[in-house]
Structures are given as C-alpha cells and as structure tokens.
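An overview of the molecular structure
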Amino acid sequence: MFPLGFRLTCYYYRKAYYRSFWLSPPACAVAEPHRRYTGEARLPLLGQNLHRYFWYAALVFNVILTYDAVLAFRDPDGAWGHMGLGTLVLVANAALLWLYSLSCHSCRHIVGGRLNSFSRHPMRYRYWTLVSRLNARHPLFAWISLFGVALTDLYVFLVASGTFADPRFF
Ligand code: FES
C-alpha cells in the first residue's frame, strides 16, 4: 500500500494523470470541465498532500530492499562472497529505488526547504544541491525504477518457482 501510495501521489505521475483522467487541465488553452478549480484543497485530491509521509515510508522499504540485496551476497550455507545475476538484479533494483526516492520533490523540500538563508546552513545547501541535481532527472528515475521493480519481481518469481536457475558468477 505504501509504495503504491508513494507512486500515485508522485508529482511527476500526477502531471500525466491529471491531464489524462482528471482533465485538470485537459490541454493548453482548453477549459476544464470542473465548475471551479479547487486544486488539492478538497477531496479526492486533498489526499495528494500525504506524499511526504509516503516518502518516509518509501525510505523504510528502500532500507529493507537494500538489506535484502546485501544478503543476496551470501551462500545458502551462510558464507559471504556469492554473486549471481540475481544479486545484480537486487542491487540494481534497490539503487534505482534510492535514486527515485532521493530525487523526489518532497525530499528536496525536506532537505532544503523552509530556510531563509542557505549561507547559514552550508550542509543543507550541499545536500539540497545534490538532491536538486537528482531532481532534474526525476521523471527518468520514476520510469526506470517502476520497470525495475516489475522486472525484479518477475525475476525472483521465475527463480523461486524453479522456472529459471539463477546464473552464478562466483
Ligand atoms: Fe515523485 Fe516525490 S515527486 S516521488
């Protein structure tokens, strides 16, 4: 539920479905079918304001998936040093999800928002600059991480069901 909520309330995806489904606006210079523009101040769009809380939850999921990816370097007998295609898939999936989450507009605001002067907060300015760089590629991270999650789930399913043997590198 949290990952879905995070995606659904993402500012980038909103742009697409507001135009396509909510018709707000349907296109440039085309009148809205709604009698009055209420933005995100009324239901159902009021729920979009939960985005930053979904962001916090997404970080918890990212930590769990990163932990899973690290565990994938272990043999079934517990020895470290194993690596296969599945290990790379899990690492790539976690990395893409971190890029998606850290490039989020809410993250940018949490890191550098509500400040009157960056010169008094040089560390926050440094983080904000980094997040802003990532933020410029947020649409790209949104799509590749979405496909990454789907393909990782498919890969894990195929390996777990015995359809496919995970190629081992060492
Ligand atoms: Fe897309 Fe926050 S704006 S995840």
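Shown above is the structure to which this text applies.
A short tour of the structure in this document, coming up. (Residues numbered from 1 in each chain as written. Predicted model: local features only at pLDDT ≥ 70, side-chain atom pairs only at ≥ 80, totals over all residues. Heavy atoms only, no water.)

Things to note about the nonpolar core
Of all hydrophobic cores here, the largest spans 13 residues; its most connected members are Phe6, Tyr13, Trp55, Tyr100, Cys104 and Cys107. Elements that contribute at least two residues to this core include exactly helix H3 (51-71), helix H5 (105-112) and helix H7 (138-160). Apart from residues no more than four positions distant in its own chain, Phe6 is found in contact with His51, Phe54, Trp55, Ala58, Tyr100, Ser101 and Cys104. (Core = buried A, V, L, I, M, F, W, Y, C linked by side-chain atoms within 4.5 Å. Buried < 20%, exposed > 50% of the residue type's maximum accessible area, 1.4 Å probe, protein only. Helix = DSSP H or I, 4+ residues; strand = E, 2+ residues; numbered from the N terminus. Contact = heavy atoms within 4.5 Å.)

Structural notes on the packing of aromatic side chains
A complete count under the given rule lists 12 aromatic pairs for this structure. Taking the centre distance of 5.4 Å and the plane angle of 65° together, the rings of Trp55 and Tyr56 count as edge-to-face. Take Trp55: its relative accessible area is 6%, and that puts it in the buried class. A residue is classified by how much of its surface remains accessible, and Tyr56, at 37% relative accessible area, is partly exposed. Through successive ring pairs, a cluster of aromatic residues spans Tyr12, Tyr13, Trp143 and Phe147. The ring of Tyr100 carries Arg7 above its face, with NZ or CZ at 4.2 Å from the centroid. (Phe/Tyr/Trp six-rings, centres within 6.5 Å; stacked < 30°, edge-to-face > 60°. Lys NZ or Arg CZ within 6 Å of the ring centre and 35° of its normal.)

Topic: unusual backbone geometry
Of all residues except glycine, most have a negative phi; of all peptide bonds, most are trans. The omega torsion across Leu43 and Pro44 is 5°, close enough to zero to call that bond cis. In this fold, Pro44 is placed in the loop between helix H2 (11-22) and H3. With phi around 60°, Ala29 is a residue other than glycine that occupies positive phi space. Among the structural elements, Ala29 can be located in the loop between H2 and H3. Notably, Arg114 is not glycine yet its phi reads approximately 55°, a positive angle. Among the secondary structure elements, Arg114 is positioned in the loop between H5 and helix H6 (122-135).

A closer look at H5
Every buried residue of H5 is listed here: Ser106, Cys107, Val111 and Gly112. Looking at the buried positions of H5, the neighbouring elements they touch are H2, H3, helix H4 (85-102) and H6. Arg114 occupies a position one or two residues after H5 and carries a positive phi of about 55°.

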